[in-house]
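Observations on chain architecture
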Amino acid sequence: MTWLLLVRTIMIPEEKIKALFDNYLEKHTPEYKVSTPPPVDLTQIVVIPSYREKDYLFRTLDSLRACQPPSGTVEVIVVLNTSEKDSPAIQEEQKQCQRALSEYSQKYQVPWLQIYSLEAYQLRKKHFGAGMARKIGLDEAIRRFHAIHRPNGIISCLDADSPVAPNYFTAIEEWYQTPEHQAAVIYFEHPLDGIHFPSEVYEAITLYELHLRYYLLALKQTGFPYASHTIGSCMSFRAIKYVQAGGMPRKQAGEDFYFLQKLIPLGGFGQITTTTVYPSPRPSNRVVFGTGASIREHLNGTKKLGKTYNPEAFNDLHNFFSRAKELRAISPDKLEIWAYNLSGPLRSFLLNTNFEEELSIILTNSNSEKTFLKRFYATFNSFRIVKYLNYSHEHFYAKTDVFEAAFTLMESIGEEISHILDEKDLLLKYREVEKRDNTIILD
């Protein structure tokens, strides 16, 4: 019997791994497939959803083609999708992009890099979006790795408007050479200046990215064990982890956030900080939240950037998480009394969101402190944290200036920043600090 080493010292028999993939592909049989059989030395697959992205896609493909070659073959799967509600003109636009892709791959042949496209047209409006497009490409990536018996094959997600650094593939390959490394978010930087967008866009993305990095650092300071960026164009994972997480949800937006909530607790999760993805700062009206929506709302004045969550809300969470173990020793009907140990906003949130019943379920299914904490953080997860932050700011706190909050937090961890006077310089400091963080979430 062959055995495969996975997270830490956990060993999974080969037949069990095969069953996992077989079961997944039986439930999620790819409807759209690459006809060319996968090469036996295929080690990495990159999936790129592309809906009306012809102006950006080839710039991203140029960056991939210019990368330093890793040791095995790499495939890029571009998913060209349309909705059942789209006009014939949009579908023809996507078909033209497919033809351009075919010509591109023939013209710029790279021995170690193969580019394929999947044409997924007339998708149901109910599920149409980046999540469904990612899922189509990712499920095909799973089928291809399974066909060559490579459950540890590496799959990465990009967006059509997100070029990469020249060492993208080699840095990913090197990071995964450590067996404990199972999934990651790849370090990213939005462009903060340039000629492609008006200055207002670069000013907006500076505020937005500063908020993102402040939020992540503040969340890590609370003691929450699964803190991570949730950016779809920066996700990477072994094929088996994708299967174990149940695959990508078919959401119109926020698919990356929901998928990572399932992926991170599986363990072996970290950040690849030795290369960079460069997501676009452009505004977009395709989704209701995320980078493009935030930039659009800032520019049209409906929701200005520059404010962020009050540090006191994170202090509330820090106190709660530091005392979480105490919940094992109380009965759920005593939660209201115990909650007096917490801040008023957090106590109010717990008592008004059914946490007593959830605590009862956690306690019933936990026979050790480790199991209890794992179930606790599966319940009070990233989604619940966002709900608390929004609840506390709706009822108790005022949002604060992002520069002020981010400056104070950076000072609190001992970084020298007295010379920093504006948001851009502070963001550059946050980038520097984040690149030094090589934390791995083991389980």
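These numbers come from a predicted model, not from an experiment.

**Some words on the sheet that holds strand β3 (residues 42-50)**
Judged by pairing direction, the sheet is mixed, and its seven strands sit side by side in the order β5-β4-β3-β6-β8-β7-β9 without closing on themselves. One side of each edge strand has no neighbouring strand; the edge strands of this open sheet are β5 (113-123) and β9 (269-277). The mean inter-strand angle of the sheet, taken between neighbouring strand axes irrespective of direction, is 25 degrees. Bridge count for β3 against strand β6 (residues 154-157) is four bridges, and the pairing is parallel. Opposite V46, over in β6, you have S156 as the bridge partner. Contacts from helix α4 (residues 130-147) reach β3, β4 (73-83), β5, β6 and β8 (235-238) within the one sheet, and its direction differs from that of β3 by about 160 degrees.

**As for the pairing of β8**
Because side chains alternate across β8, one face comprises the buried residues M235 and F237, and the other comprises S236 and R238, equally buried. As judged from the three bridges shared by β6 and β8, these two strands associate in the antiparallel manner. Looking at the pairing, I155 lines up with F237 of β8. As defined by bridge partners, strand β7 (residues 183-188) adjoins β8 across three bridges and the pair is classed as antiparallel. Bridge pairing links A184 to S236 in β8.

**Observations concerning the environment of G414**
Here G414 lies in the loop between α16 (402-412) and α17 (423-435). When its relative accessible area of 65% is taken as the criterion, G414 is described as exposed.

Rules and cut-offs
- Residues numbered from 1 in each chain as written.
- Predicted model: local features only at pLDDT ≥ 70, side-chain atom pairs only at ≥ 80, totals over all residues.
- Heavy atoms only, no water.
- Pairing = 2+ DSSP bridges.
- Helix = DSSP H or I, 4+ residues; strand = E, 2+ residues; numbered from the N terminus.
- Axes fitted to C-alpha atoms, helices over the stretch in contact; angles between N-to-C directions.
- Contact = heavy atoms within 4.5 Å.
- Buried < 20%, exposed > 50% of the residue type's maximum accessible area, 1.4 Å probe, protein only.

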